[in-house]
Amino acid sequence: MGMIAILNLLSLLVYFITIVIIIKNLIRRPTYRGEGAFVLILAIIPCYVSISNVFEHGFSFDYFDEYEGFFKDLYAMFFLIFLYVHSLKKEQTQRIEHERQIKSDFKLKTKLLTEIHHRVNNNLQIISGLLAMQVESENDLKLTTSLGLIQNRIMAIASVHKIIYGSPNLLYVDLNLIFDSILGNLKNTYINDKNKIELHDSIENGLEMDLDRAIPMGLILNELVSNSFRHAFMSRDFGKIDVYLGRIENQFLLIVKDDGPGIDNTVLDGRGMGLTLVKNLVKQLRGTIVFEKQIGAIIEIRFPILNQNPIHI
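Per an unreviewed UniProt entry, the recorded name for the protein is histidine kinase, and the organism is Leptospira meyeri.

Next up, the structure:
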């Protein structure tokens, strides 16, 4: 038996050991079976060439030699297929890793953003508490009234931040939650055992608003309702305030009305901070505001449902 035949026998032994190792890996690692099957085929095909060489150079039997070209072409074809499958799997692995990293980064950013809103709310609560302490220490009625108004505005902003960090959606916030929180705070501030003022609200279900407009919306609501509490019932200790929020076509509609004496023209034409703030915030929301004075005060505000300058992420 010639040297070439011996070398091919040794290569057959190597191929056999390789095939055994590949089969064990295929059994132990199911995820390897895709491209592992091609590796197994690439290890089996050269065995034919080695067997052919053993017969040809060891026993002078060249029958298998006729098919060596076919098996060599077959090997080349499977090798190209293996490279293609391997590249696809590598690309898929990289894509899965990128998606995992994106999800991890998004989860982290969401957590950080939630924590920011939480800390902003806490800081606003602290400021509100300091103002409350200052109100209690002052004897000047005008000053304490002004500080109380500022405290209510801060609490309105804090309410929005509190709802945001408690919401699973950090891009949109439920307007029902905002209105419930702000109106509840105003009830605690202005309604007591000494008066019989009623505050009724009718908020359409399912209304959501993007975050950059939620705070102006909360401030508008706080300002209009607190104005009704402070000015509509100065000569009596009873009355009713109605708040409505709904949708009309592609607009939000907010109506705040009371059964007080109405709004004087001098107030509308004046430079009071409350109405000036409301007008500026309505302008910020690209909306319109209408004051009606027939029976009590009726304030109607309309603004687009879709934000014309949305947050881009």
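Back to the write-up after that little detour.
Novice: Just checking my understanding: could you explain the packing of helix α4 (residues 141-165) against helix α6 (residues 211-231) for this structure?
Specialist: The relative placement of two packed helices is expressed as an angle between their axes plus a distance between the axes. Two numbers describe how α4 lies on α6: the axes approach to 9 Å, and their chain directions differ by 145°. The handedness of the crossing between α4 and α6 is right-handed. Contact residues: Leu149, Asn152, Arg153, Ala156, Ile157, Val160, His161 and Ile164 in α4; Leu211, Ala214, Ile215, Gly218, Leu219, Asn222, Glu223 and Arg230 in α6. In terms of residue class, the contact of α4 with α6 is made up of nine nonpolar, four polar and three charged.

Novice: Whenever I open this one, the nonpolar core confuses me. Can you help?
Specialist: In a soluble, globular protein the nonpolar side chains are often hidden away together inside. In terms of nonpolar packing, the biggest core is built from 46 residues, with Ile178, Phe179, Ile220, Val225, Val243, Leu254 and Ile301 touching the most fellow members. Broken down by secondary-structure element, the contributors of at least two residues to this core are α4, α5 (175-190), β2 (196-203), α6, β4 (238-248), β5 (251-258), α8 (273-284) and β7 (297-304). The greatest single-element share of this core, amounting to nine residues, is contributed by α6. Not counting residues up to four positions away in its chain, the partners in contact with Phe179 are Gly184, Ile203, Met217, Leu221, Val243, Leu245 and Leu254. Counting residues in hydrophobic clusters, the runner-up holds 14 residues, among them Ile22, Phe38, Cys47 and Phe82.

Novice: Help me understand a nonpolar patch on the surface, please; the structure alone is not making it clear to me.
Specialist: Among the surface-exposed residues, Leu13, Phe16, Ile17, Val20 and Ile21 lie close enough to one another that they form a single nonpolar patch of about 460 Å² accessible area. With respect to the helices and strands, the residue Phe16 is situated in helix α1 (residues 3-28). Assessed through its relative accessible area of 53%, Phe16 is described here as exposed.

Cut-off values and rules
- Residues numbered from 1 in each chain as written.
- Predicted model: local features only at pLDDT ≥ 70, side-chain atom pairs only at ≥ 80, totals over all residues.
- Heavy atoms only, no water.
- Axes fitted to C-alpha atoms, helices over the stretch in contact; angles between N-to-C directions.
- Helix = DSSP H or I, 4+ residues; strand = E, 2+ residues; numbered from the N terminus.
- Left-handed = near helix turned anticlockwise from the far one by under 90°.
- Contact = heavy atoms within 4.5 Å.
- Nonpolar A, V, L, I, M, F, W, Y, C, P; charged D, E, K, R; others polar.
- Core = buried A, V, L, I, M, F, W, Y, C linked by side-chain atoms within 4.5 Å.
- Buried < 20%, exposed > 50% of the residue type's maximum accessible area, 1.4 Å probe, protein only.
- Patch = residues over 30% accessible without salt bridge, like charges linked within 9 Å, V, L, I, M, F, W, Y side chains within 5 Å.
- Areas by Shrake-Rupley, 256 points an atom, 1.4 Å probe, with all protein chains shown as cover.
- Salt bridge = Lys/Arg side-chain N within 4 Å of Asp/Glu carboxyl O.

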